[in-house]
Number of protein chains: 2
Amino acid sequence: MTSPARKPSRIQTENRQRIRDAALGLFATHGFRGTTLDQIADACGMHKPNLIYYYDSKEAIHIDLLNTLMEEWLSPLDAMNAEGDPLEEIIGYIRRKMEMSRLYPRESRLFANEIVQGAPRMLPHLESTLKPLFDRQCGIIAKWMKDGKIAEMHPAHLIFSIWAVTQHYADFEAQIAVLLPGDDKRARGADQFVEMMFRKVLTP
Amino acid sequence: MTSPARKPSRIQTENRQRIRDAALGLFATHGFRGTTLDQIADACGMHKPNLIYYYDSKEAIHIDLLNTLMEEWLSPLDAMNAEGDPLEEIIGYIRRKMEMSRLYPRESRLFANEIVQGAPRMLPHLESTLKPLFDRQCGIIAKWMKDGKIAEMHPAHLIFSIWAVTQHYADFEAQIAVLLPGDDKRARGADQFVEMMFRKVLTP
DNA sequence: CAAGTTTTTTACCATTTGGTAAAGTTACGA
DNA sequence: TCGTAACTTTACCAAATGGTAAAAAACTTG
């Protein structure tokens, strides 16, 4: 996309990473339209035309970010293993999601922004990448339920609720910080609550 | 703000409503910066300077929307009554939140956008309006728990999880539509799932 | 170290966008 | 029905913004 078709140099790899890192924070908090090239340039100590040297356009940065992070973002779901203990597999997935909310709130908000706005740049990716994975993992969960290992319920809605609750802590942090001050205890309280909640829901 | 201090005329009331209605949809899906005055003008069949006649600036429209809708948005939480049956009060609240997600997805997304971006225009309002209400209702829930009417857990996190799950259906609809096609059955399935889930969590 | 290639910087441009000035039109009370 | 105040429209502007051209600088390699 950016260069015809050549192996990227060291400087290229480095600087694209710098750009992505700066853009991630800005897109996550101001959205695509709310972020300017000048802001990105500023945040990574480059000049605007230099960005365009590495990425064809502002949109190209955004798209690259979404694509790059998508895989990483979905890996915990993929890691849920049909052979493991059902309850512990799902709880393990929830723990990893909570951890990601804490460690990578920018990524969470980037996706939140994109989806809230109708996923204009990600719909095809959702169809082609997320959907098959989602259906597969729903199938695994459904089987666990049929085997009586966990309580029966709609697998898709179960996953939605896991996403909703775990990502809420990253996406709505501004609100949570107002309502539940005291940063230190919050994360542990959240982890404990969410695990307790889903254990209770999933226990047959 | 807009006019010194006079009772609004019929035309004024009408047109401000038209502007708010158009702006609500646009701000909800494109965010504040992603929405232009021209788009709003177009959407409500007015000309740009006419908007500025009714609202001092684009930001004034946004702020008015947030303030106008905040109260309405929080009313279900306020309606949770300490004298009622604890489990049914909370389930009733959840039902109302699900209904609002279905009937007013634009409002939900407007707030989601605002909070994800750090609530730049709403933080004071959260402090002054939401926080007291939140603390009060947390207190009611805590008492219900102490009395053994519902299972014990952290009331604040319980409310967060209710918000997360119910609003998820409005805010992430684009994703849900891809993963769970078939519009008609979805809403009922969601309602049933969410009610089942929280009943299970809350039952002592 | 010289020639060529990659990267950075400066100067610039066209379009978009939030907003204004002021003339024109409509509604409405006396 | 007439005058005035409320409302609408046209024409316009300054700043911001995404992006380009091309020269300058730095790096790579024979």
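Residues numbered from 1 in each chain as written. Chains lettered and ligands numbered in written order. Predicted model: local features only at pLDDT ≥ 70, side-chain atom pairs only at ≥ 80, totals over all residues. Heavy atoms only, no water.

1. A closer look at the protein's contact with DNA strand D
To keep things clear, this is the line we draw: Here a residue counts as near a molecule or strand whenever at least one of its heavy atoms sits within 4 Å of it. Whenever a nitrogen or oxygen atom comes within 3.5 Å of another N or O atom, the pair is scored as a polar contact, on the condition that within protein one atom can donate a hydrogen and the other can accept it, and that pairs from neighbouring residues in sequence are kept only if both atoms are in side chains. Working definition: helices are DSSP H or I runs of at least four residues, strands are E runs of at least two. Numbering for both runs from the N terminus.
Within the structure, DNA strand D sits among 19 residues, and Leu37 and Lys58 of chain A together with Ser9, Gln12 and Tyr54 of chain B are positioned closest to it. Of everything in DNA strand D that lies within 4 Å of the protein, sugar and phosphate atoms constitute 66%. One nitrogen or oxygen atom from the side chain of Arg33 of chain B is found 3.3 Å from a phosphate oxygen belonging to DNA strand D. The side chain of Asn50 of chain B places a nitrogen or oxygen atom 3.0 Å from a phosphate oxygen of DNA strand D. Breaking the surface near DNA strand D down by element, the ones donating at least two residues are helix 3 (48-54) of chain A together with helix 1 (10-30) and helix 3 (48-54) of chain B.

2. Here we look at empty space enclosed by the protein
Selection criterion: Think of a 1 Å grid over just the protein atoms. A cavity is a set of points where a 1.4 Å probe fits yet cannot get out, a pocket is an open set with protein on both sides within 12 Å along at least five of seven lines, and lining residues have an atom within 4 Å of a point. Grid points are joined across faces, edges and corners, and a volume is the space filled by probe spheres set on the points. Each residue gets one of three labels, nonpolar for Ala, Val, Leu, Ile, Met, Phe, Trp, Tyr, Cys and Pro, charged for Asp, Glu, Lys and Arg, and polar for the others, Gly among them.
A complete count under the given rule lists three cavities of 30 Å³ or more for this structure. Considering only enclosed or pocket space, the largest cavity measures out at about 200 Å³ in volume. In terms of lining, the largest cavity is formed by 20 residues, of which the most central are Trp73, Leu74, Phe111 and Gln167 of chain A together with Gln175 of chain B. Mapped onto the lining of the largest cavity, the elements with two or more residues apiece are helix 4 (58-78), helix 5 (86-103), helix 6 (105-116), helix 7 (123-146) and helix 8 (155-171) of chain A. When residues in the lining of the largest cavity are grouped by element, the largest group, five residues, is from helix 6 of chain A. Of the residues in the lining of the largest cavity, the class split is 13 nonpolar, four polar and three charged. As for the second largest cavity, its lining consists of 18 residues, and the residues nearest its centre are Gln175 of chain A together with Trp73, Leu74, Phe111 and Gln167 of chain B. For the lining of the second largest cavity, the elements supplying multiple residues, two or more each, are helix 4 (58-78), helix 5 (86-103), helix 6 (105-116), helix 7 (123-146) and helix 8 (155-171) of chain B.

3. So, the interface of chain B and chain A
We apply this condition: Contacts are residue-level and defined by heavy atoms, with any inter-residue pair within 4.5 Å sufficient. As a working definition, buried area equals the accessible area (1.4 Å probe) given up by two parts on being put together, with both sides summed. We define a salt bridge as a contact between a side-chain nitrogen of Lys or Arg and a carboxyl oxygen of Asp or Glu at a distance within 4 Å.
Chain B puts 55 residues into the contact, and the matching count from chain A is 55 residues. Taken together, both faces of the contact between chain B and chain A bury some 4600 Å²; the carbon and sulfur share is 73%. On the chain B side of the interface with chain A, the three residues burying the most area are Val116, His157 and Leu179 of chain B, jointly 15% of the side's total. Our count for the chain B to chain A interface comes out at zero salt bridges. The tally of links from chain B across to chain A stands at ten residue pairs in polar contact (both at pLDDT 80 or more).

4. Brief notes about the pattern of salt bridges
Our working definition: Partly exposed residues are those whose accessible area sits between 20% and 50% of the maximum for their type, while under 20% is buried and over 50% is exposed, using a 1.4 Å probe and protein chains only.
One pass over the full model with this rule turns up 26 salt bridges over all chains. Between Arg136 of chain A and Asp78 of chain A there is a salt bridge; the shortest N-O distance is 3.6 Å. With Arg136 of chain A in helix 7 and Asp78 of chain A in helix 4, this pair connects stretches of sequence that are 58 residues apart. Residue classification places Arg136 of chain A among the partly exposed residues on the basis of a relative accessible area of 46%. On the basis of relative accessibility, which here comes to 43%, the residue Asp78 of chain A falls in the partly exposed class. Put simply, Glu195 of chain B and Arg95 of chain B hold a salt bridge, and the shortest N to O gap is 2.9 Å. Taken together, the residues Glu195 of chain B in helix 10 (residues 183-202) and Arg95 of chain B in helix 5 connect sequence positions 100 residues apart. Relative accessible area serves as the criterion here: at 47%, Arg95 of chain B is assigned to the partly exposed category.

5. Things to note about the environment of Ile40 of chain A
Residue and element names in this part refer to chain A. Within the secondary structure layout, Ile40 lies in helix 2 (residues 37-43). Judged by relative accessible area, which is 0%, Ile40 ranks as buried. Sequence separation of Ile40 and Lys58 is 18 residues, and the distance between their C-alpha atoms is 9.5 Å. Not counting residues within four places of it along the chain, the set of residues in contact with Ile40 comprises Ile19, Ala22, Ala23, Leu26, Phe27, Thr35, Leu51 and Ile61.

6. Regarding the relation of the copies chain B and chain A
Put simply, the rule is: Copies overlap after least-squares fitting; the atoms used are the C-alpha atoms of residues with pLDDT of at least 70 in both.
At an RMSD of 0.0 Å, chain B and chain A line up after a rotation of 180 degrees and a shift of 0.0 Å along the axis. Each copy turns onto its partner about a two-fold axis. Judged by C-alpha distance, Ala164 of chain B is the residue of chain B that lies nearest the rotation axis, at 2.6 Å.

7. Side note on the domain arrangement of chain A
Residue and element names in this part refer to chain A. This is how it is decided: The source of the domain bounds is an automatic or database domain assignment.
Assigned domains of chain A: these are domain 1 (10-61) and domain 2 (66-202). Measuring from the centre of the C-alpha atoms in domain 1 to the corresponding centre in domain 2 gives 28 Å. Between domain 1 and domain 2, the residue contacts involve nine residues of the former and eight residues of the latter. Overall, the association of domain 1 and domain 2 removes approximately 780 Å² of surface from exposure, summing both partners, and the carbon and sulfur fraction of that is 57%. Viewed at the interface, domain 2 and domain 1 are joined by two salt bridges. In this structure, the salt-bridge partner of Arg121 is Glu59, at a minimum N-O distance of 2.5 Å.

8. A word on helix 5 of chain A
Residues and elements named next belong to chain A. Where we set the bar: Expected span of a helix, by definition, is 1.5 Å for each gap between consecutive residues, and there is one gap fewer than residues.
Under the 1.5 Å per step criterion, the end-to-end length of helix 5 is 26 Å for 18 residues, consistent within 8% with the ideal 26 Å. All buried positions along helix 5 are accounted for by Pro86, Leu87, Glu89, Ile90, Ile91, Gly92, Tyr93, Ile94, Lys97, Met98, Met100 and Ser101. For helix 5, the secondary structure elements touched by its buried residues are helix 4, helix 6, helix 7, helix 8 and helix 10 (183-202).

9. A closer look at the packing of helix 7 of chain B against helix 8 of chain B
Residue and element names in this part refer to chain B. Rules: Note on method: axes are straight lines fitted to C-alpha atoms, helices fitted across the in-contact stretch only, with angles between N-to-C directions ranging 0 to 180 degrees. Throughout this description, any angle smaller than 35 degrees is read as roughly parallel, any larger than 145 degrees as roughly antiparallel, any in the 65 to 115 degree range as roughly perpendicular, and the remainder as oblique. Left-handed describes a crossing in which the near helix is turned anticlockwise from the far one by less than a right angle; the clockwise case is right-handed.
Orientation of helix 7 relative to helix 8, taken along the N-to-C sense of each, is 115 degrees, at an axis distance of 9 Å. Compared by their axis directions, helix 7 and helix 8 come out roughly perpendicular. Note that helix 7 runs across helix 8; the crossing there is right-handed. Contact residues: helix 7 offers Leu130, Phe134, Cys138, Ile141, Ala142 and Met145, while helix 8 offers Pro155, Ala156, Leu158, Ile159, Phe160 and Trp163.

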